[in-house]
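Okay, here's what each chain looks like letter by letter:
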Amino acid sequence: MVCHSWHAILQTCTLYTELNLCNCGMQVNDAVFGNLIKQFKLFLYHIKLTDCVKLTPKALSSLKECKNLQDIDMSGCQIDSLLLHELGVGCPFATYLNVSNTNVDDTCFINIAKNLSNLQYLDLSYCTELTEAGFYYLVSCRSLKKLSHINLSGCVNVNGNCFSIHRTMLPTAYLIGFRLYSRAYR
């Protein structure tokens, strides 16, 4: 009797506010992911997709249906600028975004800046395609007023010039993992 009751409760979506698919990279494909999102989209607040390498940007775009999503971890996933635009429009309450170890480029950063206005934490670590121009747009965009932490560990194209831009445009945001390569800041 108790087991049947618990089984019935667990089959309802109301208990699932977090979906953690970390380390399931090769086992989770687009079809499985699509079914999970359809089932839990109204209740998800947190999603962790670290190294889900088989998920395509098209499948990941189904996250835009999760209107209450706040924490999004897509580190090591396939990400493109259209996906980040759709997430910004579809997930207006997102406060945490982790796109570390991805191939995001300056266009992606423009979409983050334009469309994810409630971000407080942004992890860009080891995004080697981030350039000074993309970083400048990211920090100079007026919509990211709530941004308090930016992780730039391993971003090889971000240098001392970016540090001075950051201090001017987003003085309250804390940079994590930032190394000053310019002699002027040593």
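Just so it is clear, the model here is predicted, and its values are computed rather than measured.

We now examine the pattern of salt bridges. Under the defined criterion, the tally for this structure stands at 2 salt bridges. Residue Lys48 is joined to Glu18 by a salt bridge in which the shortest nitrogen-to-oxygen separation is 3.7 Å. Taken as a pair, Lys48 in strand β2 (residues 46-48) and Glu18 in strand β1 (residues 18-20) lie far apart in primary sequence, 30 residues in all. Here Lys64 ties to Glu86 by a salt bridge, and the two come within 3.7 Å at their closest N and O atoms. Of this pair, Lys64 sits in the loop between α3 (57-60) and β3 (71-73) while Glu86 sits in helix α4 (residues 81-90), placing them 22 residues apart in sequence.

On to the sheet that holds strand β5 (residues 121-123). Sheet architecture is open: 7 strands sit in the order β1-β2-β3-β4-β5-β6-β7, paired in parallel fashion. Of all strands in the sheet, those bounded by a partner on one side alone are β1 and β7 (174-176). Sheet twist, expressed as the mean angle between neighbouring strand axes with direction ignored, is 5°. As defined by bridge partners, β1 adjoins β2 across 3 bridges and the pair is classed as parallel. Its bridge partner being in β2, Asn20 is matched across the sheet by Lys48.

This brings us to helix α2 (residues 30-40). The periodicity of an α-helix, 3.6 residues per turn, causes residues three or four places apart in sequence to face the same way. Along α2, the residues classified as buried are Phe33, Ile37 and Phe40. For α2, the arc enclosing every buried residue in end-on projection is 85°, short of the 170-degree limit, so these residues lie on one face. For α2, the exposed residues lying more than 90 degrees away from the buried face are Ala31 and Lys38. Contacts made by the buried residues of α2 are with β1, β2 and α3. Regarding α2, its N-cap is Asn29, as a side-chain oxygen of that residue lies 3.1 Å from the backbone nitrogen of Ala31 further along.

Detailed reading of predicted coordinates is not advised where the pLDDT is low. Across the chain, pLDDT averages 81, with 80% of residues at or above 70. Averaged pLDDT values for the elements of the chain fall to 51 in helix α1 (residues 2-11) and rise to 97 in strand β4 (residues 96-98). Note that pLDDT drops below 50 for residues 180-186; the model gives that stretch 12 contacts with residues more than four away or on any other chain.

On the secondary structure map, Asn111 appears in helix α5 (residues 106-115). By relative accessible area, which is 13% here, Asn111 ends up buried.

Counting residues in hydrophobic clusters, the biggest one holds 49 residues, and the most contacted among them are Phe33, Leu49, Leu63, Met74 and Leu124. When residues of this core are traced back to their parent elements, those giving at least two are α2, α3, α4, α5 and α6 (132-140). Considering every element that reaches this core, the biggest residue donor is α5, with 4 residues. Once residues within four sequence positions are removed from consideration, Phe33 is found in contact with Leu21, Val28, Ile47, Leu49, Leu55, Ala59, Leu60, Ser62 and Leu63.

Glancing now at the side chain of Asn98. Relative to the elements of secondary structure, Asn98 occurs in strand β4. When near neighbours in sequence (up to four residues on either side) are disregarded, Asn98 contacts Ile72, Asp73, Met74, Ser75 and Asp123.

The rules behind these values
For every chain, the first residue of its written sequence is number 1, and the numbers climb from 1 along that sequence. Since the coordinates come from a predicted model, pLDDT governs what is reported: local features require at least 70, and pairs of side-chain atoms require 80 or more to be given and counted, while whole-chain, interface and lining totals use all residues. Only hydrogens and water are removed before side-chain values are computed, so all heavy atoms of the structure are retained for them. Should a side-chain nitrogen of Lys or Arg be within 4 Å of a carboxyl oxygen of Asp or Glu, the pair is scored as a salt bridge. Think of it this way: any DSSP run of H or I at least four residues long counts as a helix, any run of E at least two long counts as a strand, and we number them from the N terminus. Pairing between two strands is assigned when DSSP locates at least 2 bridges connecting them. An axis is simply a line fitted to the C-alpha atoms; with a helix, the fit covers only the stretch in contact. Between two such axes, the angle follows the N-to-C directions and lies from 0 to 180 degrees. Partly exposed residues are those whose accessible area sits between 20% and 50% of the maximum for their type, while under 20% is buried and over 50% is exposed, using a 1.4 Å probe and protein chains only. By construction, the arc corresponds to the directions joining the helix axis to the C-beta atoms. Only heavy atoms enter the contact rule, under which two residues are in contact if any of them lie within 4.5 Å. Two N or O atoms count as a polar contact when they lie within 3.5 Å, although within protein this holds only if one can serve as hydrogen donor and the other as acceptor, and sequence-adjacent residues are included solely when both atoms are side-chain atoms. Per-residue confidence from the predictor is reported as pLDDT, a score between 0 and 100. Residues belong to one nonpolar core when they are buried, are Ala, Val, Leu, Ile, Met, Phe, Trp, Tyr or Cys, and are joined through side-chain atoms within 4.5 Å.

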